[in-house]
Amino acid sequence: MEMTYAHCACVNIQTLNAVQTDYLSAAMASSSQNVAPSSSAASSSSKANGSSLSMPKDGHSVTKRLQQDLMKLMVQCLTSVPNLTLLSSVQMTSNTGVSAFPDGDNLLHWIGTISGAEGTAYAGLDYKLSFSFPSRYPYSPPVVKFTTPCYHPNIDDHGNICLDILKEKWSALYDVRTILLSLQSLLGEPNNASPLNVEAADLWSDQPAFKKMVVKKYKEATAAL
């Protein structure tokens, strides 16, 4: 089937508003630092921040923004657990439902995890995702794919996602946490009118059968891991 993003799924507005509300103040405070990359943008900021993460020479702005995104996710994880001493990334995911961290020493590539929300066909299932950030992030969206195969109307067999905020509806105010929560919401609220997986869209109306297929596909995909 030919892939089209002309009518990608729309993110749940309530979820997106909740994410944006607590981000706006931080975004406004840092907007003067997050200038769009240009030919005059200079060297990597990793040395200035004492980081060994590898970055392109013109990555000063994207580095700052990704560090902010990472800090937001870590603070969310840390504040979600009382009397916290130390949490692993797996524990962070189980307490918040979403997480993401740089993949090795390259800040432009992240690995994310989404836990299916309760009350959906994906409850109890954890999905891995890959994030690839362009040099113009956050002014251009990252490329996000499911690396754990996910049976869903708006996700194809290659992990490509049809979601408007990752395409034409992207805003520089969105961050990694916005994306993760939006995708978590998308799992339970697909756009069946413009599917990437037609079979999944057709089966959606029969939720018991749909959940059975979701679990079957998940077990097949993770059994080899």
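Starting afresh in each chain, residues are numbered from 1 along the sequence in its written order. With pLDDT at 70 or above as the cut-off, local features in this predicted model cover only qualifying residues; side-chain atom pairs require 80 or more to be listed or tallied, and sums for whole chains, interfaces and linings still use all residues. Note that the side-chain values use all heavy atoms of the structure and ignore hydrogens as well as water.

With an unreviewed UniProt entry as reference, the chain is termed Ubiquitin-conjugating enzyme E2 C, source organism Geodia barretti. UniProt positions are given in the numbering used here, feature names are shortened, and annotations may be inferred rather than shown by experiment. Recorded under Sequence similarities (unreviewed entry), the UniProt text for the chain is reproduced unchanged: "Belongs to the ubiquitin-conjugating enzyme family."

Chemist: I'd like a description of the side chain of Asp-69, backed by residues and values.
Modeler: Looking at the element boundaries, Asp-69 is found in helix α2 (residues 60-79). Using a relative accessible area of 1% as the deciding quantity, one classes Asp-69 as buried. Ignoring sequence-local partners within four residues, the contact set of Asp-69 consists of Trp-110, Tyr-137, Asp-175 and Val-176. Helix and strand assignments come from DSSP, with helices taken as H or I runs of at least 4 residues and strands as E runs of at least 2, each series counted from the N terminus. Burial here depends on accessible area, computed with a 1.4 Å probe over protein chains only, as a share of the maximum for the residue type. Under 20% is buried, over 50% is exposed, and the range in between is partly exposed. Only heavy atoms enter the contact rule, under which two residues are in contact if any of them lie within 4.5 Å.

Chemist: Which residues make up the pattern of salt bridges, and what are the values?
Modeler: Here a salt bridge means any side-chain nitrogen of Lys or Arg lying within 4 Å of a carboxyl oxygen belonging to Asp or Glu. Enumeration according to the criterion identifies 2 salt bridges in this entry. For Arg-65, the salt bridge identified is with Asp-69, shortest N-O distance 3.0 Å. Taken together, the residues Arg-65 and Asp-69, both in helix α2 and 4 residues apart, mark about one turn of the helix. Here Arg-65 matches Asp-69 in class, with each residue buried. Of the charged contacts in the structure, one is a salt bridge between Glu-220 and Lys-216, with a shortest N-O distance of 2.7 Å. Here Lys-216 and Glu-220 lie together in helix α6 (residues 207-223), a separation of 4 residues that amounts to about one turn. Of the residues examined, Glu-220 reaches a relative accessible area of 45% and is grouped as partly exposed.

Chemist: So, a nonpolar patch on the surface: which residues are in play, and what are the values?
Modeler: Nonpolar side chains collect at one region of the surface, where Met-71, Met-74 and Val-75 lie side by side and expose about 250 Å² of accessible area between them. Following the sequence through the fold, Val-75 ends up in helix α2. Looking at Val-75, the relative accessible area reads 40%, which means it is partly exposed. For patch building, the residue pool is restricted to those with more than 30% relative accessible area and no salt bridge; the joining distance is 9 Å between like charges and 5 Å between nonpolar side chains (Val, Leu, Ile, Met, Phe, Trp, Tyr). Per-residue and other accessible areas follow the Shrake-Rupley method at a 1.4 Å probe size, with only the shown protein chains counted as cover for residues.

Chemist: Quick one: what's the story with the UniProt feature "active site" (unreviewed entry) in the chain, residue by residue and with numbers?
Modeler: As annotated in UniProt, the feature "active site" (unreviewed entry) corresponds to Cys-162 in the numbering used here. Relative to the helices and strands, Cys-162 is located in the loop between β4 (143-146) and α4 (176-188). Of the residues examined, Cys-162 reaches a relative accessible area of 0% and is grouped as buried.

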